[in-house]
Amino acid sequence: MAEKNQIPLVSVFIMGKEYKVPSGLTLMKAMEYAGYRYTRGAGCRAGFCGACATIYRLKDDYKLKSALACQTTVDDGMYLVQLPFTPANKKKYDMEKLNIAHNALLKEYPEIARCISCNSCTKVCPQELKVMDYVQASLRGDIEKAAILSFDCVQCGLCAFRCPAEITQYHVGQLARRLNGKFVAPKAIHTEEAVAKLNNGVSKKEISKLKILKLAEIKDLYKKRVTE
């Protein structure tokens, strides 16, 4: 009975060395099963932070592929290696001094003008974002579109790793989202109200009240909450 329920093993090559690991594991768990210990590059383990960027090649496939190790499962004959960090320059800027009327994106990151539209950045993105499109939007000064297209970026840096024009797309997208939030998008009144409640101590009092409620009372409050 135990043999019937046994999970089949597959071969993976980590840093070139072969290991047998249970099928169905994520790349991250497979590496830990093989004895590797994450001291960095593990991050949130839920696909949000982009810390576990991984390069791999499938059996009999010439293409190098990329993924987040916490979101991708192993495949028999897979070769993989993790990138603990993508070295890339990041500009320092003062948001209060940026001028969106003069294409602040192009001014801070002039290298976006070198984009050759090869689309390598889009192909490598584990989030399946249209990276090249938001770079082109940034080049045109279309902050809102660049912010929207890059919204789900997890800052893994794989786009910059593959870019032949040496553009740091993920930093460009981050600046576009900051500019959009500060200068373009409508003010989020409810957010400002929430920040004010934090600053004047109202939230702290409300949390203190929640702590003494019974579970049923908390559930009732949750059901009656107001959502947008």
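Residues numbered from 1 in each chain as written. Predicted model: local features only at pLDDT ≥ 70, side-chain atom pairs only at ≥ 80, totals over all residues. Heavy atoms only, no water.

> In this structure, what is going on with the packing of aromatic side chains? I would like to understand it.
Where two aromatic rings form a pair, the distance of their centres and the angle of their planes describe that pair. Tallied over the full model, the rule gives two aromatic pairs. On the basis of an interplanar angle of 5° and a centroid distance of 4.2 Å, the ring pair of Phe 13 and Tyr 79 is categorised as stacked. Placement of the pair is Phe 13 in strand 1 (residues 9-14) and Tyr 79 in strand 5 (residues 78-82), with a sequence separation of 66 residues. For Phe 13, a relative accessible area of 16% corresponds to the buried category. The partly exposed category is assigned to Tyr 79, whose relative accessible area is 43%. Taking the centre distance of 5.8 Å and the plane angle of 75° together, the rings of Tyr 19 and Tyr 36 count as edge-to-face. Of this pair, Tyr 19 sits in strand 2 (residues 17-22) while Tyr 36 sits in the loop between helix 1 (27-33) and strand 3 (53-57), and the two are 17 residues apart along the sequence. Relative accessible area serves as the criterion here: at 16%, Tyr 19 is assigned to the buried category. One residue, Arg 45, lies across the ring of Tyr 38, its end atom 5.9 Å from the ring centre. (Phe/Tyr/Trp six-rings, centres within 6.5 Å; stacked < 30°, edge-to-face > 60°. Helix = DSSP H or I, 4+ residues; strand = E, 2+ residues; numbered from the N terminus. Buried < 20%, exposed > 50% of the residue type's maximum accessible area, 1.4 Å probe, protein only. Lys NZ or Arg CZ within 6 Å of the ring centre and 35° of its normal.)

> Sorry if this is basic, but what is going on with helix 4 (residues 131-140) here?
Helical periodicity: at 3.6 residues per turn, an α-helix aligns residues three or four positions apart in one direction. All of the buried residues along helix 4 are Val 131, Met 132, Tyr 134, Val 135, Ala 137 and Ser 138. Looking at the packing, one finds that the buried side of helix 4 touches helix 2 (104-108), helix 3 (120-124), helix 5 (143-149), helix 6 (158-162) and helix 7 (169-184). (Contact = heavy atoms within 4.5 Å.)

> How do you make sense of the nonpolar core when you look at a structure like this?
In summary, soluble globular proteins display a tendency toward joint burial of nonpolar side chains. In terms of nonpolar packing, the biggest core is built from 57 residues, with Val 12, Val 21, Leu 175 and Leu 179 touching the most fellow members. Excluding its chain neighbours within four sequence positions, the residues that come into contact with Val 21 are Pro 8, Leu 9, Val 10, Val 12, Ala 30, Tyr 33 and Val 74. (Core = buried A, V, L, I, M, F, W, Y, C linked by side-chain atoms within 4.5 Å.)

> Would you take a moment to explain the sheet that holds strand 4 (residues 65-68) for this structure?
Paired through backbone hydrogen bonds, the strands of a sheet run either parallel or antiparallel to each other. Judged by pairing direction, the sheet is mixed, and its five strands sit side by side in the order 2-1-5-3-4 without closing on themselves. Edge positions in the sheet fall to strand 2 and strand 4, since each has one partner strand and no second. If you compare each strand with its neighbour and ignore which way they point, the axes differ by 35° on average. Bridge count for strand 3 against strand 4 is four bridges, and the pairing is antiparallel. Paired with Ala 53 across the two strands is Leu 68, which belongs to strand 4. (Pairing = 2+ DSSP bridges. Axes fitted to C-alpha atoms, helices over the stretch in contact; angles between N-to-C directions.)

> Would you take a moment to explain the pattern of salt bridges for this structure?
Opposite charge on two side chains permits them to pair, given that their charged atoms come into close proximity. Evaluation of the coordinates by the stated rule reveals five salt bridges. Between Lys 65 and Asp 61 there is a salt bridge, with the nearest N and O atoms lying 3.6 Å from each other. A salt bridge links Glu 206 to Lys 197; the nearest nitrogen and oxygen atoms lie 3.4 Å apart. Since its relative accessible area comes to 35%, Glu 206 is described here as partly exposed. Residue Lys 197 is classed as partly exposed on the basis of its relative accessible area of 31%. (Salt bridge = Lys/Arg side-chain N within 4 Å of Asp/Glu carboxyl O.)

> Is there a simple way to think about a nonpolar patch on the surface in this case?
On the surface, a nonpolar cluster with roughly 200 Å² of combined accessible area is contributed by Ile 100, Phe 183 and Val 184. Assignment of secondary structure puts Phe 183 in helix 7. By relative accessible area, Phe 183 is classed as partly exposed at 34%. (Patch = residues over 30% accessible without salt bridge, like charges linked within 9 Å, V, L, I, M, F, W, Y side chains within 5 Å. Areas by Shrake-Rupley, 256 points an atom, 1.4 Å probe, with all protein chains shown as cover.)

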